[in-house]
Amino acid sequence: LFFLITLLEDTGYLARAAFVMDRLLCRFGLPGYAFVPLLSSHACAIPGILSTRLIPDRHDRFATLLVVPFQSCSARLPVYVLLTSFLFADRPALAGLAFVGCYLLGSIAALASAALARRTILPGRSRPMVLELPTYKWPSLRVAFAESLAQGWSFLSTVGTVILAICFVMWWLSAYPKSAEPPEA
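The model shown is predicted, which means the values in this text are computed figures rather than measured ones.

Enquirer: How should I be thinking about the packing of aromatic side chains in this particular structure?
Expert: To describe a pair of aromatic rings, you give the distance between the ring centres and the angle between the ring planes. Applying the stated criterion across every chain, the model contains six aromatic pairs. On the basis of an interplanar angle of 70° and a centroid distance of 5.9 Å, the ring pair of Tyr80 and Tyr103 is categorised as edge-to-face. Of the two residues, Tyr80 is situated in helix α6 (residues 77–87) and Tyr103 in helix α7 (residues 92–119); the sequence distance between them amounts to 23 residues. Note on Trp171 and Tyr176: the rings are 5.9 Å apart at their centroids and 90° apart in plane angle, and the pair reads as edge-to-face. Grouped by ring-pair contacts, the aromatic residues Phe168, Trp171, Trp172 and Tyr176 constitute a single cluster.

Enquirer: For this particular structure, what's the right way to read the pattern of salt bridges?
Expert: Close approach of charged atoms allows side chains with opposite charge to pair. Applying the stated criterion across every chain yields a total of two salt bridges. The salt bridge involving Asp60 is made with Arg118; its shortest N-O contact spans 2.7 Å. Of the two residues, Asp60 is situated in helix α5 (residues 58–67) and Arg118 in helix α7; the sequence distance between them amounts to 58 residues. The class for Arg118 is buried, based on a relative accessible area of 5%.

Enquirer: What should I look at first to understand a nonpolar patch on the surface in this one?
Expert: Among the surface-exposed residues, Val162, Ile166, Phe168, Val169, Met170, Trp171, Trp172, Leu173 and Tyr176 lie close enough to one another that they form a single nonpolar patch of about 950 Å² accessible area. Its location among the elements puts Tyr176 in the segment after α8 (141–175). Note on Tyr176: relative accessible area 37%, which makes it partly exposed.

Enquirer: Looking at this structure, I do not really get the state of the cysteines. What am I missing?
Expert: Throughout this description, disulfide means a covalent bond between two cysteine sulfur atoms. For the coordinates displayed, the defined rule picks out zero disulfides. Note on Cys73: no disulfide assigned, nearest cysteine sulfur contributed by Cys44 at a separation of 6.0 Å. As a non-bridged cysteine, Cys102 has Cys73 as the owner of its nearest cysteine sulfur, 13 Å distant.

Enquirer: Is there a simple way to think about the packing of α5 against α7 in this case?
Expert: Relative orientation and spacing of two packed helices are given, respectively, by the angle between their axes and the distance between those axes. Across the interface, α5 lies against α7 with an axial gap of 9 Å and an inter-helix angle of 140°. Along this stretch, α5 crosses α7, giving a crossing that reads as right-handed. Of α7, the residues touching α5 (which contributes His59, Asp60, Ala63, Leu66 and Val67) are Ala110, Ser113, Ala114, Ala117 and Arg118. Taken together, the residues of the contact of α5 with α7 break down into six nonpolar, two polar and two charged.

Enquirer: Where do I start with the environment of Leu111 in this structure?
Expert: Mapping Leu111 onto the fold places it in helix α7. For the pair Leu111 and Pro37, spaced 74 residues apart in the sequence, the C-alpha separation amounts to 13 Å. If we ignore the near neighbours within four places in the chain, the residues touching Leu111 are Leu25, Phe28 and Leu30.

Enquirer: Could you clarify how one ought to interpret the nonpolar core in this entry?
Expert: Nonpolar side chains in soluble globular proteins tend to be buried together. Leu25, Leu30, Ala34, Leu38 and Val67 are the most contacted members of the largest nonpolar core, which totals 13 residues. Those elements that provide at least two residues to this core are α2 (13–26), α3 (35–40), α5 and α7. With residues near it in sequence (within four places) discarded, Leu38 still touches Leu25, Leu30, Val67, Val68 and Gln71.

The rules behind these values
Residues numbered from 1 in each chain as written. Predicted model: local features only at pLDDT ≥ 70, side-chain atom pairs only at ≥ 80, totals over all residues. Heavy atoms only, no water. Phe/Tyr/Trp six-rings, centres within 6.5 Å; stacked < 30°, edge-to-face > 60°. Helix = DSSP H or I, 4+ residues; strand = E, 2+ residues; numbered from the N terminus. Salt bridge = Lys/Arg side-chain N within 4 Å of Asp/Glu carboxyl O. Buried < 20%, exposed > 50% of the residue type's maximum accessible area, 1.4 Å probe, protein only. Patch = residues over 30% accessible without salt bridge, like charges linked within 9 Å, V, L, I, M, F, W, Y side chains within 5 Å. Areas by Shrake-Rupley, 256 points an atom, 1.4 Å probe, with all protein chains shown as cover. Disulfide = S-S within 2.5 Å. Axes fitted to C-alpha atoms, helices over the stretch in contact; angles between N-to-C directions. Left-handed = near helix turned anticlockwise from the far one by under 90°. Contact = heavy atoms within 4.5 Å. Nonpolar A, V, L, I, M, F, W, Y, C, P; charged D, E, K, R; others polar. Core = buried A, V, L, I, M, F, W, Y, C linked by side-chain atoms within 4.5 Å.

Such coordinate-based values are descriptive only and should not be taken to indicate function.
Written as structure tokens, this is what we have:
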């Protein structure tokens with residue numbers, strides 16, 4: 001995903017997509033700049049939250065930060081599969097429909113929450129997106145691969161240390177203090 005997003009950024013396609021999405025997202029109080037965090041949060045919410053720092057306006061950035069976790073990330077896929085297979089075991093068409101509905105429900109909840117937040121705690125309209133379009137050019141696979149490698153390493157070093165620390169603490173809490181097994185076992 002990092003490679004694909006980097007390749008799209010290198011050619012300017014993400015900026016153009018954000019510009020196109022500005023008209024739709026402004027109706028819900030989000031700027032066009034929120035398209036990239038919302039898109040990347042479908043893979044994982046952490047990069048989506050980290051990418052909101054590129055939004056220039058403070059209120060727009062906070063509104064985007066509030067709604068990014070509503071997007072269905074890849075960590076929720078096993079839960080969706082478990083629920084849909086449990087609830088609709090003998091009806092695969094309904095299971096597929098419910099699975100897609102889970103994704104749509106997250107996006108609808110995000111847009112509704114953004115509209116509610118912009119009308120209550122973050123009042124005001126989002127800034128219109130002004131974009132100078134670069135010239136069209138073919139993407140450079142070498143540059144995209146190098147940039148995605150650098151961004152992936154940056155992500156792993158930033159978030160990986162936190163995840164590693166949490167894993168260590170969880171292991172320690174589950175392993176200590178040791179107690180003797182009860183005689184019934």
